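Structural features, examined
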There are 2 protein chains.
Amino acid sequence: MERAIDTQIEDLKKMILLMGGHVEKALSQVTAALLSKDLGMFDQVHAIEKLINEDHIKVDNACMNLLAKQGPVAKDLRLILSVIKINNDLERMGDQSVNISYSGKDYLGRKPIQQQLDDIKKMSEIAGRMVKGSLDSFVRGDVQQAKDILMMDDEIDALKNKVFKDAVLHMKSHGEDVEAGLDLILIARNLERLGDHATNIAEDVIFAFTGKDIRHGGKFG
Amino acid sequence: MERAIDTQIEDLKKMILLMGGHVEKALSQVTAALLSKDLGMFDQVHAIEKLINEDHIKVDNACMNLLAKQGPVAKDLRLILSVIKINNDLERMGDQSVNISYSGKDYLGRKPIQQQLDDIKKMSEIAGRMVKGSLDSFVRGDVQQAKDILMMDDEIDALKNKVFKDAVLHMKSHGEDVEAGLDLILIARNLERLGDHATNIAEDVIFAFTGKDIRHGGKFG
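Procedures and definitions
- Residues numbered from 1 in each chain as written.
- Chains lettered and ligands numbered in written order.
- Predicted model: local features only at pLDDT ≥ 70, side-chain atom pairs only at ≥ 80, totals over all residues.
- Heavy atoms only, no water.
- Phe/Tyr/Trp six-rings, centres within 6.5 Å; stacked < 30°, edge-to-face > 60°.
- Lys NZ or Arg CZ within 6 Å of the ring centre and 35° of its normal.
- UniProt positions renumbered as here; feature names shortened; annotations may be inferred.
- Helix = DSSP H or I, 4+ residues; strand = E, 2+ residues; numbered from the N terminus.
- Contact = heavy atoms within 4.5 Å.
- Buried area = accessible area lost by both parts, 1.4 Å probe.
- Salt bridge = Lys/Arg side-chain N within 4 Å of Asp/Glu carboxyl O.
- Polar contact = N/O pair within 3.5 Å; in protein donor to acceptor, adjacent residues only side chain to side chain.
- Nonpolar A, V, L, I, M, F, W, Y, C, P; charged D, E, K, R; others polar.
- Buried < 20%, exposed > 50% of the residue type's maximum accessible area, 1.4 Å probe, protein only.
- Lys, Arg positive; Asp, Glu negative; His and termini not counted.
- Least-squares fit on C-alpha atoms with pLDDT ≥ 70 in both.

1. A short note on the packing of aromatic side chains
With the rule as written, the count across this model stands at two aromatic pairs over all chains. One Lys or Arg, A:K160, reaches over the ring of A:F164 and ends 5.0 Å from the middle of that ring.

Here is the structure:
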């Protein structure tokens, strides 16, 4: 027999997917703006972030209603608590995209230093795949896929370190490019954080579907 | 008549206060390490972060038990959902303190540039007051105090901008100090984020005790 809570949980998942779509769009848009030097596109990121913030409040309200009216336990409860956390992580990803738009706009207003944009592009692509993959793993309850996401975090960290290193090297001998280098460093940092949030989501998925808490070095099989 | 849930909610509040105490200690310790140039103190920050991570899991479990066994509604439910979020923000503050310890250790290993440490000290003091104040407001249900915390965020942002500006200016004419300047910039950024998390807590307090959602530009009276 289908329970009312099953339908409501399916609705929650749809809301999260919709929100995740907005996050992916904010990220791809802000990266495209930076790479194509299109200042106007940065403003669109703010419009998308507004949608993400609306989603954030809607999802929270839906979770609260479900908790109040259904009094879920066990697996259902774990899943709803995961949604509350995933919701927060997605909202922070929206913030990070907006942060990137600020640094990106600053960067495009300066004399460009070309070297690191390829790495930033790669970081953004990995972060986008992490967002998409972590939400896929959530909707499908695919714990293995969630574990794969955790591995991708190392790639993004390595690229961030490379952007930092290259930018610092350049800044040391080009005082006039210190601001531009710093913009790229901050963008790389924001992308790394975006990846961290996707990692959080993957950990929540593992918890929701296995009951195992792997945060803070907990082991998983 | 006292309800069982009241006692359990009081226990939750105590757990959050204990965790908040650990966060305050991590922050004051990492700042003291930086200001007193005491490398060994940075390691203590990692030990405190472990406690914070343990608290994080304990609080989450306590919330889940309470939701499963008591099926709380209305004000109780709002309060427990706030604790879940506050718990996450406190845990992230622990992460930020550890991030500061990494940049701080790097900074102390280089030729020092003195100018910004006063501002960093001020930022850390404000962040510490924000953490303490936001948790006080939570435990006492003091909505006015929570609103005061929101105002303090501007002070910390202004100081962060000052650290950024001063460091960039210095880096432009001292290529050999680019890394040290960047360390200070990253520390200032982490302290700003720490303040943001305290702001999140204050917003959660306002929601828990008034039912008003003031996130994302929602209005409050």
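2. A closer look at the UniProt feature "domain: PhoU" (unreviewed entry) in chain A
Residue and element names in this part refer to chain A. Under the UniProt annotation, "domain: PhoU" (unreviewed entry) lies at residues 16–101 and 120–205. Secondary structure over residues 16–101 splits into 93% helix and 0% strand, and the C-alpha atoms at its two ends are 23 Å apart. As a span, residues 120–205 carries 93% helix and 0% strand, and end to end its C-alpha atoms are 27 Å apart.

3. Structural notes on unusual backbone geometry
The backbone of A:K37 shows a phi angle near 55°, a positive value even though the residue is not glycine. Looking at the secondary structure, you find A:K37 in the loop between α1 (4–35) and α2 (39–70).

4. Some remarks on the interface of chain B and chain A
On the chain A side, the residues contacting the 40 residues of chain B number 40 residues. Between chain B and chain A, the buried area comes to about 3500 Å², and carbon and sulfur atoms account for 62% of it. Interface area lost by chain B to chain A is led by B:M64, B:K172 and B:H216, which between them contribute 17%. Between the two partners, chain B and chain A, sit eight salt bridges. In this structure, A:E179 and B:K172 form a salt bridge, with 2.7 Å as the shortest nitrogen-oxygen distance. Applying the counting rule to chain B against chain A returns 14 residue pairs in polar contact (both at pLDDT 80 or more). Residue assignment for the side of chain B that touches chain A shows that the elements contributing at least two residues are α2 (39–70), α3 (74–108), α5 (143–173) and α6 (178–210) of chain B. Class assignment of the residues belonging to the side of chain B that touches chain A gives a composition of 17 nonpolar, 10 polar and 13 charged.

5. Observations concerning the side chain of A:D153
All names here are of chain A. Note that D153 resides in helix α5 (residues 143–173). Comment: no salt bridge for buried D153; closest opposite-charge side chain is R193, at 9.3 Å. Ignoring any residue separated from it by four or fewer positions in sequence, one finds D153 in contact with M130, G195, D196 and T199.

6. Here we look at the relation of the copies chain B and chain A
Mapping chain B onto chain A calls for a screw motion: a turn of 180° about the axis and a shift of 0.0 Å along it, with 0.0 Å RMSD after fitting. What we have between these two chains is a two-fold relation. Ranked by how close their C-alpha atoms come to the rotation axis, the residues of chain B are headed by B:G71, at 2.5 Å. Comparing interface residues between copies, 100% of those in chain B also sit at the interface in chain A, which points to an isologous, same-surface contact.

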